[in-house]
Amino acid sequence: MSLIDNERKIKELQAKRTLLEAGDEYDQLSTEIDELVKTTYDHLTAWDRVCLARHPNRPKAIDFINELFDHFYELHGDRCYGDDHAIISGIGYFHEMPVTIIAQAKGKTLQENLDRHFGMCNPEGYRKALRLAKQAEKFHRPIITFVDTAGAYPGIEAEERGQAQAIAECLYTFSDLKTPVICVVLSEGGSGGALALSVADRICMLENAVYSVLSPEGFASILWKDDSRVQEAAEVMKLTSYDLYEKGIVDYLIKEPTGGMQNDLKLVLHDLDRYLYETLETLKTTKEKDMLEKRYEKFRKMGSH
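Residues numbered from 1 in each chain as written. Predicted model: local features only at pLDDT ≥ 70, side-chain atom pairs only at ≥ 80, totals over all residues. Heavy atoms only, no water.

## As for the overall build of the protein
Next up, step 1: The number of helices and strands found in the protein is 14 helices and eight strands.
Next up, step 2: In terms of C-alpha radius of gyration, the protein reaches 20 Å, essentially the compact-globule figure of 19 Å for 305 residues.
Next up, step 3: Taking all 305 residues of the protein together, the buried fraction comes to 51%.
Next up, step 4: For the protein, the proportion of contacts with a sequence separation of at least 24, taken over those separated by at least 6, is 70%.
Next up, step 5: Surface exposure of the protein reaches about 15,500 Å², of which carbon and sulfur atoms provide 52%.
Next up, step 6: Where the 38 positive side-chain charges of the protein centre and where its 51 negative ones centre are 6 Å apart. (Helix = DSSP H or I, 4+ residues; strand = E, 2+ residues; numbered from the N terminus. Rg over C-alpha atoms; globule rule 2.2 N^0.38 Å. Buried < 20%, exposed > 50% of the residue type's maximum accessible area, 1.4 Å probe, protein only. Contact = heavy atoms within 4.5 Å. Areas by Shrake-Rupley, 256 points an atom, 1.4 Å probe, with all protein chains shown as cover. Lys, Arg positive; Asp, Glu negative; His and termini not counted. Charge placed at Lys NZ, Arg CZ, Asp CG, Glu CD.)

Dropping the structure here:
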């Protein structure tokens, strides 16, 4: 059975158990649920983690912004074309420290997702991110980016407004920003759309997040001309957090509760809050020249994989 089928079965058994009183049948059903949960989540495949990363109830960037930062003030527009709702950006306080937050934002409802292009940014979104990044550099504010996108918006209007150039400018600018940058990969990290906000001094990734050059569906369709081999593609692509941590691309993994972070967001927030605080304290005491050299070396090393 697939992860989705098992999750559905677990929910059915849990619903059935709520109708029972304590007794032998209740205990037997509880044992069956525990065994199914263990079977489902103890040996997750790469495709299972893709499914968890795309889980409809998985918390979004706005949930992390609301919980981690105080007095968040959102800033809008790229001062060129418009305001892309696929990017939430602004200024807030993290443990009384002013920081700039730039997050790719998916919605929680169909209408919100349509408004935010399902987290797929247009050029004006990346230019808004650039504007905020340069402002942060000017005022020596650390930058925290949240990545959660299947890729950059693929519409023809995005190409007409300079999608590739906007992404390239992000890569170029973030590589040389004279202020600390930390990237958090929340769920999906797809292609150049994710890479644009991933040039950072430190990259951490949630346990069930994925990061790849394209989707497993796209990989299977392009390489094998067979989109039914999507699960095999996910394994071959080495896109899980554990794969990337092993290769040294990701610096830290944030553990998730059984079944995904939607089951206990506070646990994830506690670990992420601690990681961000300790990392910022370290980066703040690093000399600017050393910080830039280490950032450069980090991404040069990635190119060798």
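## Considerations on the pattern of salt bridges
Next up, step 1: For the structure shown, the criterion picks out 15 salt bridges.
Next up, step 2: Between Asp-83 and Lys-128 there is a salt bridge, with the nearest N and O atoms lying 2.8 Å from each other. Of this pair, Asp-83 sits in the loop between strand 1 (70-74) and strand 2 (87-94) while Lys-128 sits in helix 6 (residues 123-138), and the two are 45 residues apart along the sequence.
Next up, step 3: Given the relative accessible area of 29%, Asp-83 is considered partly exposed.
Next up, step 4: One connected set of salt bridges, linked through shared partners, spans Arg-54, Lys-106, Asp-148, Glu-188 and Glu-217. (Salt bridge = Lys/Arg side-chain N within 4 Å of Asp/Glu carboxyl O.)

## Notes on the state of the cysteines
Next up, step 1: All chains considered together, the criterion is met by zero disulfides.
Next up, step 2: Cys-170 supplies the cysteine sulfur nearest to Cys-80, a cysteine that is in no disulfide, at a spacing of 13 Å.
Next up, step 3: Free cysteine Cys-170: the closest other cysteine sulfur is in Cys-121, separated by 8.9 Å. (Disulfide = S-S within 2.5 Å.)

## What to know about unusual backbone geometry
Next up, step 1: Even without glycine at this site, Phe-118 takes up a positive phi of about 55 degrees.
Next up, step 2: Here Phe-118 shows up in the loop between helix 5 (110-115) and helix 6.
Next up, step 3: Exposure remark for Phe-118: the relative accessible area of 39% places this residue in the partly exposed category.
Next up, step 4: The backbone of Ser-191 shows a phi angle near 60 degrees, a positive value even though the residue is not glycine.
Next up, step 5: Judged by relative accessible area, Ser-191 falls into the partly exposed class, the value being 33%.

## Things to note about the environment of Lys-287
Next up, step 1: Looking at the element boundaries, Lys-287 is found in the loop between helix 13 (265-284) and helix 14 (288-302).
Next up, step 2: Through-space distance from the C-alpha of Lys-287 to that of Gly-125 is 31 Å; in sequence the pair is 162 residues apart.

## Let's talk about the packing of helix 6 against helix 8 (residues 163-174)
Packed helices, taken two at a time, are described by the angle their axes make and the gap between the axes.
Next up, step 1: Their axes nearest at 8 Å, the elements helix 6 and helix 8 cross at an angle of 20 degrees. When the interaxial angle is binned, helix 6 and helix 8 end up roughly parallel. Both helix 6 and helix 8 take part in a crossing whose hand is left-handed. Contacts between helix 6 and helix 8 involve Pro-123, Tyr-126, Arg-127, Ala-129, Leu-130, Ala-133 and Lys-134 from the former and Gln-163, Ala-166, Ile-167, Glu-169, Cys-170, Thr-173 and Phe-174 from the latter.
Next up, step 2: Residue composition of the contact of helix 6 with helix 8, by class: nine nonpolar, two polar and three charged. (Axes fitted to C-alpha atoms, helices over the stretch in contact; angles between N-to-C directions. Parallel < 35°, antiparallel > 145°, perpendicular 65-115°, else oblique. Left-handed = near helix turned anticlockwise from the far one by under 90°. Nonpolar A, V, L, I, M, F, W, Y, C, P; charged D, E, K, R; others polar.)

## Things to note about the side chain of Thr-240
Next up, step 1: Take Thr-240: it is sitting in the loop between helix 11 (230-237) and helix 12 (241-246).
Next up, step 2: Among the residues examined, Thr-240 registers a relative accessible area of 7% and is labelled buried.
Next up, step 3: Side-chain polar atoms of Thr-240 contact the side chain of Asp-243, separated by 2.9 Å.
Next up, step 4: For Thr-240, the contacting residues outside a window of four places in its chain are Ala-46, Arg-49, Met-205 and Ala-209. (Polar contact = N/O pair within 3.5 Å; in protein donor to acceptor, adjacent residues only side chain to side chain.)

## Some details on the confidence of the model for the protein
Next up, step 1: Predicted confidence across the protein gives a mean pLDDT of 90, with 98% of residues reaching 70 or more.
Next up, step 2: When the elements of the protein are averaged for pLDDT, helix 2 (residues 24-41) gives the smallest value, 75, and strand 3 (residues 97-104) the largest, 97. (pLDDT = per-residue confidence, 0-100.)

## Points about the packing of aromatic side chains
Next up, step 1: Scanning all chains against the criterion turns up five aromatic pairs.
Next up, step 2: Judged by centre distance (5.8 Å) and plane angle (55 degrees), the rings of Phe-69 and Phe-94 are tilted. Highlighted residues: Phe-69 in the loop between helix 4 (61-68) and strand 1 and Phe-94 in strand 2, separated in sequence by 25 residues.
Next up, step 3: With 5.6 Å between their ring centres and 80 degrees between their planes, Phe-219 and Trp-224 make a pair best called edge-to-face.
Next up, step 4: Above the ring of Tyr-81, the side-chain terminus of Arg-161 is found at 4.3 Å from the ring centroid.
Next up, step 5: Across from the ring centre of Trp-224, 4.0 Å away, lies the NZ or CZ of Arg-229, which sits over that ring. (Phe/Tyr/Trp six-rings, centres within 6.5 Å; stacked < 30°, edge-to-face > 60°. Lys NZ or Arg CZ within 6 Å of the ring centre and 35° of its normal.)

## Concerning helix 6
Next up, step 1: Taking 1.5 Å as the rise per residue, helix 6 with 16 residues should run 22 Å; its terminal C-alpha atoms sit 23 Å apart, in good agreement.
Next up, step 2: Taken across its 16 residues, helix 6 has twelve buried, putting it largely inside the fold.
Next up, step 3: The elements touched by buried residues of helix 6 are strand 2, strand 3, strand 4 (143-149), helix 7 (156-160), helix 8 and helix 9 (191-195).
Next up, step 4: Remark: His-140 follows helix 6 within two positions and exhibits a positive phi of approximately 60 degrees. (Expected span 1.5 Å × (residues − 1).)

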